[in-house]
Amino acid sequence: MIVTGAVSAAHLPMYLSWLRRREAHGLERIVMTRSAEQFVSALSLRSIAGVPVVQDDWDSFSAADLHHVELGESSDIILVYPATVNYLMRVSLLAFDTPSVAAIATGSCTTVLCPSLAPRIVEHPLYLAARDRIRAVPRYRMVEPVVGESLASAAPGAVPPPLWELWPELEGMVNQP
């Protein structure tokens, strides 16, 4: 799982608790962007999920003896929850600026991206172009965001659906031959 810096990241401890109670999370590690730490701590995710949490930068990956190639090749699925516009743009442009984006670009597993978008971004031409580039890659799956409350504006935003709504589909992807 890759966690990026959107307010939706603050819900992850609750979702991970739910998964842990089901004994079905299947997570091997959590990769966090620096901006994600504004909304949720690595300590809370590590404590609740019971898996290592690694900062999404080259130094942290080296210190954890983790390689971006391994992340992209050893995972059944890479779940990006939530995926900020910045992160989606970097994925769509093959920006190798962080280990997680490099792992997604070079890996062979399915990548599921769950956008968390500020108001009016859903219709923005640059976002639509990035979304279309991502959708053009057969092993990438963009989850449609749902209407959500923006904390900074009266206009509605778009957030990932709750993780428990996505989980059956994700489990199905892992269990496919």
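Because the structure is a prediction, the values reported are computed rather than measured.

Visitor: How should the side chain of Thr 98 be read in this particular structure?
Guide: Counting through the fold element by element, Thr 98 comes out in the loop between helix 5 (85–92) and helix 6 (99–106). For Thr 98, a relative accessible area of 11% translates into the label buried. Polar side-chain contacts of Thr 98 include one of 3.2 Å to the side chain of Asp 56. One polar contact links Thr 98 to Arg 90, side chain to side chain, over a distance of 2.9 Å.

Visitor: Please explain the packing of helix 1 (residues 12–22) against helix 2 (residues 42–49) as it appears in this structure.
Guide: Helix packing for two helices is described by the angle between their axes and how far apart those axes are. Contact geometry for helix 1 and helix 2: axes closest at 9 Å, N-to-C directions at 10°. With respect to helix 2, the element helix 1 is oriented roughly parallel. For the pair helix 1 and helix 2, the contacting residues are Leu 12, Pro 13, Leu 16, Ser 17 and Arg 20 in the first and Ser 44, Leu 45, Ser 47, Ile 48 and Ala 49 in the second. In the contact of helix 1 with helix 2, the residues fall into six nonpolar, three polar and one charged.

Visitor: Mind showing me how you'd approach the side chain of Ser 100 here?
Guide: Relative to the helices and strands, Ser 100 is located in helix 6. The exposure class of Ser 100 is buried, given its relative accessible area of 0%. Once you skip the residues sitting within four places of it in the chain, Ser 100 turns out to touch Ile 2, Val 31, Asp 56, Leu 71 and Tyr 87.

Visitor: Which parts of the structure should I look at to understand the pattern of salt bridges?
Guide: Two side chains of opposite charge can pair, provided their charged atoms sit close to one another. Taken as a whole and assessed by the stated rule, the structure comprises five salt bridges. Notably, a salt bridge pairs Glu 169 with Arg 141, separated by 2.7 Å at the nearest N-O pair. Placement of Glu 169 in helix 8 (residues 163–175) and of Arg 141 in strand 6 (residues 140–142) is noted, with a sequence separation of 28 residues between them. Take Glu 169: its relative accessible area is 36%, and that puts it in the partly exposed class. Residue Arg 141 is classed as partly exposed on the basis of its relative accessible area, which comes to 27%.

Visitor: Whenever I open this one, the packing of aromatic side chains confuses me. Can you help?
Guide: What the rule picks out here adds up to three aromatic pairs. Aromatic side chains Tyr 15 and Tyr 81 sit 5.9 Å apart centroid to centroid with 85° between the ring planes, which places their arrangement in the edge-to-face category. Of this pair, Tyr 15 sits in helix 1 while Tyr 81 sits in strand 4 (residues 77–83), and the two are 66 residues apart along the sequence. By relative accessible area, Tyr 81 is classed as buried at 1%. Seen in terms of ring centroids, Tyr 15 and Trp 164 are 5.0 Å apart; in terms of plane orientation they differ by 85°. Their pairing is edge-to-face. Highlighted residues: Tyr 15 in helix 1 and Trp 164 in helix 8, separated in sequence by 149 residues. What makes Tyr 15 buried here is its relative accessible area of 7%. Ring pairs connect the aromatic residues Tyr 15, Trp 18, Tyr 81 and Trp 164, which therefore count as one cluster.

Conventions and cut-offs
- Residues numbered from 1 in each chain as written.
- Predicted model: local features only at pLDDT ≥ 70, side-chain atom pairs only at ≥ 80, totals over all residues.
- Heavy atoms only, no water.
- Helix = DSSP H or I, 4+ residues; strand = E, 2+ residues; numbered from the N terminus.
- Buried < 20%, exposed > 50% of the residue type's maximum accessible area, 1.4 Å probe, protein only.
- Polar contact = N/O pair within 3.5 Å; in protein donor to acceptor, adjacent residues only side chain to side chain.
- Axes fitted to C-alpha atoms, helices over the stretch in contact; angles between N-to-C directions.
- Parallel < 35°, antiparallel > 145°, perpendicular 65-115°, else oblique.
- Contact = heavy atoms within 4.5 Å.
- Nonpolar A, V, L, I, M, F, W, Y, C, P; charged D, E, K, R; others polar.
- Salt bridge = Lys/Arg side-chain N within 4 Å of Asp/Glu carboxyl O.
- Phe/Tyr/Trp six-rings, centres within 6.5 Å; stacked < 30°, edge-to-face > 60°.

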